[in-house]
Structures are given as C-alpha cells and as structure tokens.
Amino acid sequence: MHWNRIHFIIISVEFPDSISENASQVASGVKEAAWHHRSKMEISAYVLQVKATDADDPTYGNSARVVYSILQGQPYFSIDPKSGVIRTALPNMDREVKEQYQVLIQAKDMGGQLGGLAGTTIVNISLTDVNDNPPRFPKSIFHLKVPESSPIGSAIGRIRAVDPDSGKNAEIEYNIVPGDGGNLFDIVTDEDTQEGVIKLKKALDFETKKAYTFKVEASNLHLDHRFHSAGPFKDTATVRISVLDVDEPPVFSKPLYTMEVYEDTPVGTIIGAVTAQDLDVGSSAVRYFIDWKTDGDSYFTIDGTEGTIATNELLDRESTAQYNFSIIASKVSNPLLTSKVNILINVLDVNEFPPEISVPYETDVCENAKPGQIIQIVSAADRDLSPAGQQFSFRLAPEAAIKPNFTVRDFRNNTAGIETRRNGYSRRQKELYFLPVVIEDSSYPVQSSTNTMTIRVCRCDSDGTILSCNVEAVFLPVGLSTGALIAILLCIVILLAIVVLYVALRRQKKKDTLMTSKEDIRDNVIHYDDEGGGEEDTQAFDIGALRNPKVIEENKIRRDIKPDSLCLPRQRPPVEDNTDIRDFIHQRLQENDVDPSAPPYDSLATYAYEGHGSAAESLSSIDSLTTDADQDYDYLADWGPRFKVLAEMFGEEESYNPDKVT
C-alpha cells in the first residue's frame, strides 16, 4: 500500500445572497494541499479542508450556519457537510490511470434548508507520482547487425525498456549480464531518451566469429523501499548481434619487423621477408612494395610477390647505423585496400678501422723530470662499433724500444701512460722527442695503428709548473692553420716595410736640411750635427778661420778637392802624458789646416785613443785569456731567490752530462 500526494486549487468562491442578509463566503480564494495514498487506497483518506464564512449574525437563527456538499467529483471524493474536509471516496487511485481531478464544492447557509443562500468553488486535484512501477522491455529479444569494420567505441545499436512512472522515478540503468559474448560490448544510458546504447569495446572479425548473444538488464536508479514487496524493479532482455562481412585489407603476421645485416654486404643479398594474408572468405593474392618517402629507402628492394627484402646498395655502418621504412601490402582483387607495417634494419659493424690515439697528440716534459714519472695519460678511439667488453692494448713501437727516452705503460683499462726513462732532459740538447705508440683492438680481424706523440722539453719550477718552452711548443697548442701563419707573416713584413720607409724619409729630410745654403759650401759645416773629438767639444775648430779669404789667397790651394801634388809628411810632435785632451785636439786641427791632403771638414775626423795610460786599463775582450768554462758561478746561488733563475741558467752547463744522453 502506498500514498499519493494530491494538490488542489480553489478556482473561485462566490456565494450569492439568500434569505439572510449576507451569503456565505469561502475563507480563502486559493489553496494548495498534498496527500499520499496507497495503491489500494483506503476509503476516506484526508485530502483537504475548505472553509466558508457568513457575515450574518451567528446568534440569529440558522442564518450563519454553513453546510458543504459536492456537486461534481463523485464518486472519487467526498466532503464532510459540517467541517468541509474533503476525503477520497474510492480506493486504488493510480496516477498512471488518471492524474487530474476537478471537484465542484458548494457552501449553503441556513443549514442547507430551502431558501438558504449558496456559493460554489472548483477544486483541481493532481496526483503526484511515486516509483511504484518497474521498467519493462517491450520484447524479450533484440536483433542487431554490425559490420566487422566498425571502429572501437562506436555505437552499434539501441534498446529501450518502458517505465510508466515520470521524472526521476522513470530513470533506468542498463547493464550487460556477464556471459558469452558480452565482453566485446558495452552499454550506456541515453539520459534524454532513457535508451540503452550498445557500443563496441573490441574489434570484430567476421572470419573469427559471426554472431554474439548476451543479456541486458534494465533497473530503476531511485527505488522506494515501501514498494519492495511488490517485486523486483528490473527486467531482462536478450540481445543477438550478427557480424556482417566486409572486404578488408591484408593483415601482416607481425606489427613490426626487425632485421640485421652486416655492412659491406654484397648487393642483392636477401636479409629477410614479410608476410601478409587476405583473411576474407574469398581470399585474394597480395602484392608488396616499399613506401618511398626518402632517398635512403633506395638502399633496399622487396619482391612484390614473395615479400623478400634484399640490399640494393653497399651499406656503411659508420655512415648510417639503422634504417627505418615502411612496406605496404595491397590486395590484387582490390588495390585500394592496403595495410602498412614498419621495417627496422640494424647494420652490424665489421672491424675495418684500426683504433687511434685520442687527443692530445702532444705533451710536455720538464727538464728536471725524474725516471718513472707519468707525464700524460692517453686513450684510444675506434670508428668501428665496439662490441661489449672490447679492449685496447698499448705498447711502444719496436724501433723506439732500444734505449728509449720514454716508454708506454699499459694500464689494462683502455688507457696508458707516457713514462719518463731519464733523469732530466735538456732543451739545449734536444727540444722535441717523437714517441711512436702502437694501439691494437680486440675485434676480429685485429686492427692496429702506430700513432706518433710529440713531447716538448720545457723549463719548470720545483713543483713541476711549466715556466717556458721552445718556440715550437708555444705555437703548437694554439692550433693555428697554415693560412693563419702566412697572414701573420705578411702583416709582419708589411710593418717592417713601413718602418724602413719611415726611416728613409727621415734621413732624406735631414739631408735636405744640410743643403739649405748653396752660396758657400764651407757654410755647410755649421749645420752638421755630429760632434768632434769629445762628447762636449763644440769649440774644436774656428769657423771664422775657414771663412777668411786671406787664408785662401795665401795658400792658393783648393780645400774642396784633392791636390795633384804629393802629400807632404805630417809632423806630429810627441804628446806629453799630462797634456790636456783639448790641447791635443786643437793641435790635430792645426795639422789638418796646413795639410793639403786632409779633408776640408775637420769634424769628420774622430779622435779617440786607448792606451796604457788609462786608469781603467783596457775594456776590450779581445785580449782576454779567460773563458766561460774557467768561471765559477756558484756564488750566484748564495745571492738569494731573486738570482735563482740566473744561477740555474749558468749552472745547467755544469749539471749536463753528455754520457747520460740517449
């Protein structure tokens, strides 16, 4: 048993006047009410109470006593004549049968007697819905047809269960009952139509299975516990899906093909094959071809009928280690139906390149290096694809193994060290050493190479820090190219040419200054900038005497040309030891003035002498009887750290022992 809610509205209330002075009036113009009823409703269920008022004096007879009655609405409802309470008159009122009811109510004064005044009103009563009906499928089995090419997730059909309730009471949920064939499909509810939409969850194949059967259950989402006794609120139907055959493209046996081939394999060598089949009922032959996208695909060819892949060009792993392209298969009966698969080809390495020493090819060694000192760690590089665990071995070349200045120590971890074998090196004896190092790999066939390392001798401090190296050692690490060196040399030559041209112009300018006066050639002497016999001797000659014409008339000899007569012997009186240098120069000037063979410019004569009379004795090293070997420079080491470098430079000759040099 259950209750329905009933709403009613009083449309109008109007009572005309009667014997009484005032007619009865309904208390309220509009009323709303709700009530619950059961499916098998009990009689006299309360719905609503109406009330009419009368303005007459209630103490005067029966003029104000109102009586209620139903003029329309029977046999569904009844009203209490005195209280105006409306009640149901029939059981089992069902909204799904009739939802709206209209009841006409009359209110009459004078206790309902003849002559009393009456008023009427209309009450509209609506039955509200409750979930008292389960969903029901209109048929027990649904048939659907689906093409095998339908994409996953697509809707393949709809089914519907009917629920006479309304609103949320009519909302239905669909579920596939677990069983045969149900795992390939899914079902969801369309909220607008309350239909069950069946969707494809997995791909279908007509050649594998042609039909699927499963059950679908429909149930209400919002249940009312008061109606559980009425039975289960759900229904079940059977769905049968038939798969339709569709002409499909060929299917490859693998989703990806991986192949391997050695580099330098002869052209035309078959390295693998692909296989595709037409799975339709009327099987068709298949053709294969490469999906040409780049020029790199031309390295391989495929047999259109057999599907075998062969090399079309020589392969080089160092150039390309892996090829990735696609192969397309099409049906002969319908070339438009094609399928594609990716091909991955790895090029295997052949040991064709020898290992080489890694940079640097050059290193330095200090002059004060000790035997057994590691001056450089070297490693090897191989252009081949080294397999796992490949080892490189290092050793000294046989031609350098006799009394070597350096040797190679193999550390057995693909590295080696350059080790010194002498107690000290000398740049003066040898600035560069060339060490041949042999490196072998462990692949088959074994490859080896000889790499020459350049070792430069440098001057270092006691901590091993390099102070200076030879010129070649300075430029080698820079890595300048031949073109850069040529450009630098050209710049230096241009700068030297500019300097020489500048000096020549300066000298030309000085010469022009000396020849400013052409009237008397003797006047040129006053413009000559060189000094005579002493550093400060600016009065070594009398210019006035040179300009005296009387002297020229008396001598009758041209001073600017060499005379034809024989030269007279020059008389030079002995010079006393204590004679002043100025007097000595003046005496020499007088001798040149009277000597016709003497040059006219006395300043061109340089007066300098060296003799035993000097207190400093001779400064020349020509007559020195001692050599550098006789000198002892050990005292330089006692002068302190500021003379340390000087002491090492003069002391290295003593520490050098030619017998120890290899």
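Residues numbered from 1 in each chain as written. Predicted model: local features only at pLDDT ≥ 70, side-chain atom pairs only at ≥ 80, totals over all residues. Heavy atoms only, no water.

Taking an unreviewed UniProt entry as the reference, the protein is identified by name as Cadherin-12 belonging to Fukomys damarensis. You can read under Function (unreviewed entry) in the UniProt record for the protein the words "Cadherins are calcium-dependent cell adhesion proteins. They preferentially interact with themselves in a homophilic manner in connecting cells; cadherins may thus contribute to the sorting of heterogeneous cell types." Among the UniProt annotations of the protein, the heading Subcellular location (unreviewed entry) holds the following wording: "Cell membrane". (UniProt positions renumbered as here; feature names shortened; annotations may be inferred.)

Asks: Could you give me a rundown of the overall build of the protein, with the residues and numbers involved?
Replies: Looking only at helices and strands, the protein features six helices and 34 strands. Counting all 662 residues of the protein, 34% fall into the buried class. For the protein, the share of sequence-separated contacts (at least 6 apart) that also reach a separation of at least 24 residues comes to 66%. (Helix = DSSP H or I, 4+ residues; strand = E, 2+ residues; numbered from the N terminus. Buried < 20%, exposed > 50% of the residue type's maximum accessible area, 1.4 Å probe, protein only. Contact = heavy atoms within 4.5 Å.)

Asks: Any details on the sheet that holds strand β16 (residues 234-244)? Residues and values, ideally.
Replies: As summarised here, the arrangement of the four strands in space is β10-β16-β15-β12, forming an open sheet in which the pairing is mixed. Only two strands of the sheet have a single partner each, and these edge strands are β10 (141-147) and β12 (172-177). Each strand axis lies, on average, 30 degrees off the axis of its neighbour in the sheet, ignoring direction. Relative to β16, β10 runs parallel, the two being bridged by seven bridges. In the strand pairing of β16, valine 146 is matched with valine 243. (Pairing = 2+ DSSP bridges. Axes fitted to C-alpha atoms, helices over the stretch in contact; angles between N-to-C directions.)

Asks: So, the packing of aromatic side chains: which residues are in play, and what are the values?
Replies: As enumerated under the stated definition, the model contains 14 aromatic pairs in all. Centre to centre, the rings of tyrosine 425 and tyrosine 433 are 5.8 Å apart; their planes meet at 75 degrees, and the pair counts as edge-to-face. The class of tyrosine 433 is buried, set by a relative accessible area of 4%. Pairwise contacts between aromatic rings join Tyr299, Phe300, Tyr323 and Phe325 into one cluster. Its end group placed over the ring of phenylalanine 206, lysine 210 keeps NZ or CZ at 4.8 Å from the ring centre. (Phe/Tyr/Trp six-rings, centres within 6.5 Å; stacked < 30°, edge-to-face > 60°. Lys NZ or Arg CZ within 6 Å of the ring centre and 35° of its normal.)

Asks: A description of the pattern of salt bridges should follow, citing residues and the corresponding values.
Replies: For the structure on display, the rule yields 13 salt bridges. Residue aspartate 291 is joined to lysine 340 by a salt bridge in which the shortest nitrogen-to-oxygen separation is 3.3 Å. Of the two residues, aspartate 291 is situated in the loop between β21 (286-290) and β22 (300-302) and lysine 340 in strand β25 (residues 338-348); the sequence distance between them amounts to 49 residues. Lysine 340 gets classed as partly exposed once you look at its relative accessible area, which sits at 47%. The structure contains a network of salt bridges with shared partners spanning Arg158, Asp190 and Glu195. (Salt bridge = Lys/Arg side-chain N within 4 Å of Asp/Glu carboxyl O.)

Asks: Break down a positive patch on the surface for me, citing the residues and quoting the values.
Replies: Side chains of Arg506, Arg507, Lys509 and Lys510 sit close together on the surface and give a patch of like positive charge. For lysine 509, a relative accessible area of 60% corresponds to the exposed category. (Patch = residues over 30% accessible without salt bridge, like charges linked within 9 Å, V, L, I, M, F, W, Y side chains within 5 Å. Areas by Shrake-Rupley, 256 points an atom, 1.4 Å probe, with all protein chains shown as cover. Lys, Arg positive; Asp, Glu negative; His and termini not counted. Charge placed at Lys NZ, Arg CZ, Asp CG, Glu CD.)

Asks: How would you summarise the nonpolar core if you had to cite specific residues and measurements?
Replies: Formed by 25 residues in total, the largest nonpolar core has its most connected members in Phe137, Phe185, Ile198, Val216, Val239 and Ile241. At the level of secondary structure, the elements contributing two or more residues to this core comprise β10, β11 (155-160), β12, β13 (185-190), β14 (195-200), β15 (211-220) and β16. Apart from residues lying up to four places away in sequence, phenylalanine 185 is in contact with Ile156, Ile176, Ile198, Lys199, Leu200, Lys201, Leu204, Tyr212, Phe214 and Ile241. (Core = buried A, V, L, I, M, F, W, Y, C linked by side-chain atoms within 4.5 Å.)

Asks: So what's going on with the environment of phenylalanine 227? Which residues, and what values?
Replies: Mapped onto the elements of the fold, phenylalanine 227 is located in the loop between β15 and β16. Judged by relative accessible area, phenylalanine 227 falls into the buried class, the value being 6%. Separated by 95 residues in the primary sequence, phenylalanine 227 and aspartate 132 place their C-alpha atoms 6.4 Å from one another.

Asks: Would you mind going over the state of the cysteines in detail, with residue names and values included?
Replies: Counted under the stated rule, the structure contains two disulfides. The side chain of cysteine 366 participates in a disulfide bridge whose partner is cysteine 460; the two sulfur atoms lie 2.1 Å from each other. Between cysteine 366 and cysteine 460 the disulfide shows an S-S torsion of about -85 degrees. By sign, it is left-handed. In this pair, cysteine 366 sits in strand β27 (residues 362-366) while cysteine 460 sits in strand β33 (residues 448-460), placing the two residues 94 residues apart along the sequence. Counting its disulfide-bonded cysteines in sequence order, the protein shows a connectivity of 1-3, 2-4. (Disulfide = S-S within 2.5 Å.)

Asks: Tell me about the sheet that holds strand β31 (residues 415-420), and name the residues and values.
Replies: Strand order in the open sheet formed by four strands is β26-β28-β31-β30, with antiparallel pairing between adjacent strands. Each edge of the open sheet is held by one strand with a lone partner, namely β26 (356-357) and β30 (406-410). Here β30 runs beside β31; their pairing, made up of five bridges, is antiparallel. The residue of β31 that forms the bridge with threonine 407 is glutamate 419.

Asks: How would you explain helix α5 (residues 581-594) if you had to name every residue and give the values?
Replies: The first and last C-alpha atoms of α5 sit 21 Å apart over 14 residues, in line with the 20 Å expected at 1.5 Å per residue. Three or more residues of α5 are buried, namely Phe584, Ile585, Arg588, Leu589, Glu591 and Asn592. Taken down its axis, α5 places every buried residue within 160 degrees of arc, on the same side. Among the exposed residues of α5, those pointing more than 90 degrees away from its buried face are Arg582 and Val594. (Expected span 1.5 Å × (residues − 1). Arc of directions from axis to C-beta.)

Asks: How would you summarise the side chain of aspartate 410 if you had to cite specific residues and measurements?
Replies: Structurally, aspartate 410 can be placed in strand β30. On the basis of relative accessibility, which here comes to 17%, the residue aspartate 410 falls in the buried class. In terms of polar contacts, aspartate 410 uses its side chain to reach the backbone amide nitrogen of phenylalanine 394, at 3.1 Å. At 3.0 Å, the side chain of aspartate 410 and the backbone nitrogen of arginine 412 are in polar contact. Other than its neighbours up to four places away in sequence, aspartate 410 contacts Phe392, Ser393, Phe394, Thr415 and Ala416. (Polar contact = N/O pair within 3.5 Å; in protein donor to acceptor, adjacent residues only side chain to side chain.)

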